[in-house]
Amino acid sequence: MKIIHTVEALREARAALSGTVALVPTMGALHAGHQTLMAQGRQLADHVIASVFVNPTQFGPNEDFNVYPRDLDADARRCEEEGVAILFAPTPDAIYPPGFATTIHVAGLTDGLCGPWRPGHFDGVATVVAKLLLIVSPDLAIFGQKDYQQLAVIRRITADLHLATKIVGAPTVREADGLAMSSRNRYLTPVSRAQATKLSQAMTRAWVAWQAGERDAAALVKLARDLVATIPDSSIDYVEVVDPDSLSDYTKQADPIPDARGAVIALAVRVAGARLIDNLRLDGPLPAPLAHHIPS
Ligand code: PAF
């Protein structure tokens, strides 16, 4: 595996690869969820390029940019285990050259969910992902569905900017008790880690109600929110039930949720200071770990 730090060297190494390329963009602190994305890349393409870049422009001034876990050696080992051909780990200067003044903003999709809680976050994500897609020019790029809104934003920029890369969404990888894997789970203490399982249980409650015919968005939100609210030392940014494509908040519409549209429950909760997000398609199958922990 080659480890490359500059745009020029990456372009040269990428041009030397024959066959198709899958890109797995990450911010490092790699875990089994990322490795699943890489394994999927190996199935879908001849070569996998992974990137590790803690993107400063997607963090707010009071967020965890400075403490975000960084361990390139450990990340490289995980990439190597998955047969990654190139690990692209650029410096901030390589991605944001002096005088950098271009930002991509996606309207509409970023109005709700994490948008208002993380001003500028999706501009940072959209800009860096567009850059990575233009630098690497992969045939496909794989992103986890845990970041549901991010995936929607990335699909939008790819379509709007006529980028040739196919965007692939990969199912969220969960711990045995249902907690979605995330680099930020490292911030949890054993006590808050145990409490964090209530996030997936809360979404499962809403899923069970949906399956039983509940189509009132406020009722679905309340079921989930009531359980999340029992987590000690936590605060809820949002629990929302949204349209799977437009991400519009169903509680702002008077009518019951139309079956033909389906619904996603999405939440962001600070558990003992760690901001965790998760989501679940209510009209889809219940992923195995959640099915084992259906709350009463
Ligand atoms: O999901 C992430 O890790 C990041 O937001 C991404 C897509 C790599 C952009 O920095």
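Please read all numbers here as calculations on a predicted model, not as lab measurements.

1. Overview of the site of the ligand
And then number 1: As a matter of local geometry, the ligand sits amid Pro25, Thr26, Met27, Asn55, Gln58, Val128, Val129, Phe143 and Gln150.
And then number 2: At 2.6 Å from an oxygen atom of the ligand is found a side-chain nitrogen or oxygen belonging to Gln58.
And then number 3: Gln150 is positioned such that a nitrogen or oxygen atom in its side chain is 2.7 Å from an oxygen atom of the ligand.
And then number 4: Protein contacts shield 87% of the accessible area of the ligand, which totals 290 Å² for the unbound molecule.

2. Details of the pattern of salt bridges
A side chain with one charge can pair with a side chain of the opposite charge if their charged atoms come near.
And then number 1: A full pass over the atoms with the stated rule returns 14 salt bridges.
And then number 2: The closest approach of N and O atoms between Glu63 and Arg118, which form a salt bridge, is 2.6 Å. Pair noted here: Glu63 is in the loop between strand 3 (47-52) and helix 3 (72-81) and Arg118 is in the loop between helix 5 (114-117) and helix 6 (121-136), with a separation of 55 residues, a long-range link.
And then number 3: Accessibility expressed as a relative area gives 28% for Glu63, which makes it partly exposed.
And then number 4: Judged by its relative accessible area of 9%, Arg118 falls in the buried class.
And then number 5: Here Arg261 ties to Asp245 by a salt bridge, and the two come within 3.2 Å at their closest N and O atoms. Placement of Arg261 in the loop between strand 7 (234-242) and strand 8 (264-271) and of Asp245 in the loop between strand 7 and strand 8 is noted, with a sequence separation of 16 residues between them.
And then number 6: Judged by relative accessible area, which is 35%, Arg261 ranks as partly exposed.
And then number 7: Owing to a relative accessible area of 55%, Asp245 belongs among the exposed residues under this scheme.
And then number 8: Via salt bridges that share partners, Asp237, Arg270 and Arg275 belong to a single interconnected network.

The rules behind each value
- Residues numbered from 1 in each chain as written.
- Predicted model: local features only at pLDDT ≥ 70, side-chain atom pairs only at ≥ 80, totals over all residues.
- Heavy atoms only, no water.
- Near = heavy atom within 4 Å.
- Polar contact = N/O pair within 3.5 Å; in protein donor to acceptor, adjacent residues only side chain to side chain.
- Areas by Shrake-Rupley, 256 points an atom, 1.4 Å probe, with all protein chains shown as cover.
- Salt bridge = Lys/Arg side-chain N within 4 Å of Asp/Glu carboxyl O.
- Helix = DSSP H or I, 4+ residues; strand = E, 2+ residues; numbered from the N terminus.
- Buried < 20%, exposed > 50% of the residue type's maximum accessible area, 1.4 Å probe, protein only.

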